[in-house]
Amino acid sequence: MSPETVVLKLGGSVVTEKDRPETVDTAALQRAVAAVAESDAALVVVHGGGSFGHHHADEHGVSTTTGTRDPEGALAIHDAMVELNRAVVEALQAAGVAALPVQPLSAAARDEGGALSLATEPVERLLDEGFVPVLHGDVIAHEGEGVTVLSGDELVVALAPAVDADRVGLCSTVPGVLDDAGSVVDRVDAFADVADAVGDSDATDVTGGMAGKVRALLALGVPAQIFGPDALGAFLAGEAPGTTIAGGPE
Ligand SMILES: Nc1ncnc2c1ncn2[C@@H]1O[C@H](COP(=O)(O)OP(=O)(O)OP(=O)(O)O)[C@@H](O)[C@H]1O
Ligand SMILES: C=C(C)CCOP(=O)(O)O
């Protein structure tokens, strides 16, 4: 039987110290990498910005909808993400994972309405050839705006159908989507279920924190899990920890 295909996002808040500019959380990254190295799945890994991308994007006033035409600002955001990507890829390779970087700036764009197009063939082919493509949130060309931020959550939504993912997981610092009382919500079928509870990130974050994540995953055709770092091994072993975001048409 061929292994299942899994799209996994490692939250920037997991692999970096989100409140300290451009700082990798080496211990957390190592724990995540160790769990990934144990997995038999055909994996596509995506990681977020954490204290690398968000801090620069915020400084240059760039979000997923508001762009910049300042090439130096755009390069500063991109370079920070490439640096984090290199740290993730090197940590994965050191653990024996056949990781290779894929940079969205050269593979994705938005139209005037913000709709994303992503060239997924390189990712599909790398996967077929036994590699683990590692993509990252980035800046991408946006019609009428210059460049805007592309979040890792959007990448997950675009990649899952392209690679015919069996499962999708978002590993963040929280154990799942939390309700008003702070308990993990088992399942979300529509944004209205959690609209009052979900909000932005606690740290500098230009892509919408948990609210953005839930909205993005609801657009997906397969169920997705949101869970914390302690549950990464369980998710990769086939369990459904944290919150299930039901996906499919709302
Ligand atoms: N109801 C909620 N349940 C859980 N987290 C919430 C909720 N409302 C807001 N949040 C915030 O959303 C954050 C998770 O989103 P965030 O974008 O920071 O995660 P990430 O994907 O791990 O990081 P990055 O965006 O850097 O990749 C939590 O740390 C918390 O601060
Ligand atoms: C801030 C940048 C460049 C990437 C954001 O990706 P995210 O952390 O997945 O939302």
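As a starting point, this report considers the structure included with it. Note that this is a predicted model, so its numbers are computed, not measured.

The rules behind these values
- Residues numbered from 1 in each chain as written.
- Chains lettered and ligands numbered in written order.
- Predicted model: local features only at pLDDT ≥ 70, side-chain atom pairs only at ≥ 80, totals over all residues.
- Heavy atoms only, no water.
- Buried < 20%, exposed > 50% of the residue type's maximum accessible area, 1.4 Å probe, protein only.
- Helix = DSSP H or I, 4+ residues; strand = E, 2+ residues; numbered from the N terminus.
- Contact = heavy atoms within 4.5 Å.
- Near = heavy atom within 4 Å.
- Polar contact = N/O pair within 3.5 Å; in protein donor to acceptor, adjacent residues only side chain to side chain.
- Areas by Shrake-Rupley, 256 points an atom, 1.4 Å probe, with all protein chains shown as cover.
- Pairing = 2+ DSSP bridges.
- Axes fitted to C-alpha atoms, helices over the stretch in contact; angles between N-to-C directions.
- Expected span 1.5 Å × (residues − 1).
- Nonpolar A, V, L, I, M, F, W, Y, C, P; charged D, E, K, R; others polar.

1. Here we look at helix α7 (residues 209-218)
Here comes step 1: Burial of α7 is extensive: eight of the 10 residues sit out of reach of the surface.
Here comes step 2: Residues of α7 that are buried in the fold lie against β1 (5-10), α6 (152-162), β9 (167-171), β10 (187-188), β11 (224-227) and β12 (243-245).

2. Concerning the site of ligand 1
Here comes step 1: Near ligand 1 lie 25 residues; those nearest to it are G12, S13, K18, S172 and K213.
Here comes step 2: Between ligand 1 and the protein, one listed contact pairs an oxygen atom with a side-chain N or O atom of H54 at 3.4 Å.
Here comes step 3: Within the backbone of M210, a nitrogen or oxygen atom sits 3.3 Å from an oxygen atom of ligand 1.
Here comes step 4: Protein burial of ligand 1: of its 640 Å² of free accessible surface, 92% is covered by the chains.
Here comes step 5: Elements with a minimum of two residues in the shell around ligand 1: α1 (12-15), α3 (50-59) and α7.

3. A look at the sheet that holds strand β4 (residues 108-110)
Here comes step 1: Taking strand neighbours across the sheet as the criterion, the four strands line up as β5-β4-β7-β8 in an open arrangement whose pairing is mixed. Each of the sheet's edge strands pairs with one partner strand only, and the pair in question is β5 (116-118) and β8 (146-150). Across the sheet, the mean angle from the axis of one strand to that of its neighbour is 35°, orientation sign disregarded.
Here comes step 2: Where α6 meets the sheet, it contacts β4, β5 and β8, and its direction lies at approximately 65° from that of β5.

4. Things to note about helix α4 (residues 71-94)
Here comes step 1: If you check α4, its first and last C-alpha atoms are 34 Å apart, about what 24 residues at 1.5 Å a residue would give, namely 34 Å.
Here comes step 2: Of all the positions in α4, only G73, A74, I77, H78, A80, M81, L84, N85, V88, V89, A91 and L92 are classed as buried.
Here comes step 3: Among the residues of α4, the N-terminal cap falls to D70, whose side-chain oxygen and the backbone nitrogen of E72 are separated by 3.0 Å.
Here comes step 4: Directly beyond the C-terminal end of α4, a positive phi value near 90° is found at G96.

5. Structural notes on the sheet that holds strand β2 (residues 42-47)
Here comes step 1: Taken in spatial order, the eight strands make up an open sheet running β3-β6-β2-β1-β9-β11-β12-β10, and their pairing is mixed. Edge positions in the sheet fall to β3 (99-102) and β10, since each of these pairs with one other strand and no more.
Here comes step 2: Docked against the sheet, α7 engages β1, β9, β10, β11 and β12, running at close to 165° with respect to β11.

6. Re the site of ligand 2
Here comes step 1: Surrounding ligand 2, one finds 15 residues, the nearest of these being K9, G49, H54, G152 and T207.
Here comes step 2: The contact in question runs from an oxygen atom of ligand 2 to an N or O atom on the side chain of H54, over 2.7 Å.
Here comes step 3: In the environment of ligand 2, an oxygen atom lies 2.7 Å from a nitrogen or oxygen atom belonging to the backbone of G152.
Here comes step 4: Listing elements by their share of the shell around ligand 2, those giving two or more residues are α3, α4, β8 and α6.
Here comes step 5: Its residues placed into classes, the shell around ligand 2 shows four nonpolar, eight polar and three charged.

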